[in-house]
Every structure is written in C-alpha cells, then in structure tokens.
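In case you want the letters, here they are:
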Amino acid sequence: DEQVRKVSSEVTAILKSDPNILGNPAKLRELIETKLLPNFNFTRMTQLAMGRNWARATPEQQAALTREFQTLLVRTYSGALANFRNNTIEIRPLRVQPTDTDVTVRTQVMQPNGQGIPIDYAMEKLPDGRWQAYDVTVGGVSLVTNYRDEFNAVVRDHGVDALIRQLQSRNK
C-alpha cells in the first residue's frame, strides 16, 4: 500500500502542479510511462488476459501480445488521467503479513461531487523484493477478466496472430 500511496501522491502532485499536462497527450503518456508503468507486470497481465491461450502462442507472439496490450492499457490510463482534474485518491487500510507475496491494495478515487470510484490493485512481490500490479479492478470489474472473453473469442475464431493484428489496429 505504501508503494501505491507514493506513486499516487507523485502522479497527483504532478497533475496538480502542471494542469496543462492533461491536455497534452505526449506529456501525459510520458508521465504514465515514467511513473506508472514500472509498477505493473504487463507480461503477467497479458498472460492472465489470454488465459489458456497463452500457452498456444509462440514466444514471439507472447512478446507482441504483451507489447500491444501494454500500449492499449497506457491509452486507457491516459484517458482516465485526462479526466482526473480535481479528484483525490484514498488508500484503504491494508492487512498484510511480512511473508505475503500476493495482496490487493484497495483505493477509492474521490470525485469533487463526493462520489467514489473503487480501484483495487492485485499486486505480487517479485523475487527482488519489488511489488508490481498484475490486475486492476475498477468498480468491481477486473481489467484482466474484462479482456479475457474478448481475447479468447478472437483466438478461438481466428488465431493468435489475428488478436495481435486487432490490438495493433486498436492502438493506431
């Protein structure tokens, strides 16, 4: 939770100190790439979104899927941050044991109108001691699960390469 608190505070401070960043897609993307991306395990996210079809993909396809899924998620986060404006982020108390290697950090994005949007981060402890998120649940909907049905349908009907092409097209 301390990591989520730190990153949230840094990003919020940057957004508030430079309000023009929200209208500048390049600056917003740079903020996401430098402050948020290092805290996510996109390979695991893609693997979970692919489900059983991950094993059907070659290493090259897995790399392409991960790259395209990461790009898609960066675009998603850019859109969400562009609408951030005067919101604040509250981190919910976390109960964790020192030996835990998988936790869910619960947050609430508070909007100026008082409405809160729950955003939970499923995080894993890496062998080097760092923590990375491998799923994000917004309003009770898992990002990974949300894409799994779509990904599985495309792979089932058209194959892994078709999914890669679809993600590339969506990212253009």
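Residues numbered from 1 in each chain as written. Predicted model: local features only at pLDDT ≥ 70, side-chain atom pairs only at ≥ 80, totals over all residues. Heavy atoms only, no water.

Asker: Would you mind showing me how to read the side chain of Ser-142 here?
Answerer: Note on placement: Ser-142 falls in strand β5 (residues 141-142). For Ser-142, a relative accessible area of 13% puts it in the buried group. For Ser-142, the side chain forms a polar contact with the side chain of Asp-135, separated by 2.6 Å. (Helix = DSSP H or I, 4+ residues; strand = E, 2+ residues; numbered from the N terminus. Buried < 20%, exposed > 50% of the residue type's maximum accessible area, 1.4 Å probe, protein only. Polar contact = N/O pair within 3.5 Å; in protein donor to acceptor, adjacent residues only side chain to side chain.)

Asker: How should I be thinking about the pattern of salt bridges in this particular structure?
Answerer: Pairing of side chains with opposite charge becomes possible as their charged atoms draw close. Inspection of the entire model under this criterion finds eleven salt bridges. Among the salt bridges present, the one from Glu-10 reaches Lys-35, with a minimum N-O distance of 3.4 Å. Of this pair, Glu-10 sits in helix α1 (residues 2-17) while Lys-35 sits in helix α2 (residues 25-36); the two residues are 25 residues apart in sequence, bridging distant segments of the chain. Of the residues examined, Glu-10 reaches a relative accessible area of 27% and is grouped as partly exposed. When the shortest N-O distance is used, the salt bridge between Asp-18 and Lys-27 registers 2.7 Å. Using a relative accessible area of 34% as the deciding quantity, one classes Lys-27 as partly exposed. The structure contains a network of salt bridges with shared partners spanning Asp-1, Glu-2 and Arg-5. (Salt bridge = Lys/Arg side-chain N within 4 Å of Asp/Glu carboxyl O.)

Asker: Just checking my understanding: could you explain the pairing of strand β3 (residues 116-125) for this structure?
Answerer: If a strand is regular, its side chains alternate between the two faces of the sheet. Taken together, the nine bridges between strand β2 (residues 102-110) and β3 define a ladder with antiparallel strand orientation. If you follow Val-103 over to β3, its bridge partner there is Met-123. The turn joining β2 and β3, which pair antiparallel and follow one another in sequence, is formed by five residues; a positive phi near 90° is taken by Gly-114. Across seven bridges, the pairing between β3 and strand β4 (residues 131-138) is antiparallel. (Pairing = 2+ DSSP bridges.)

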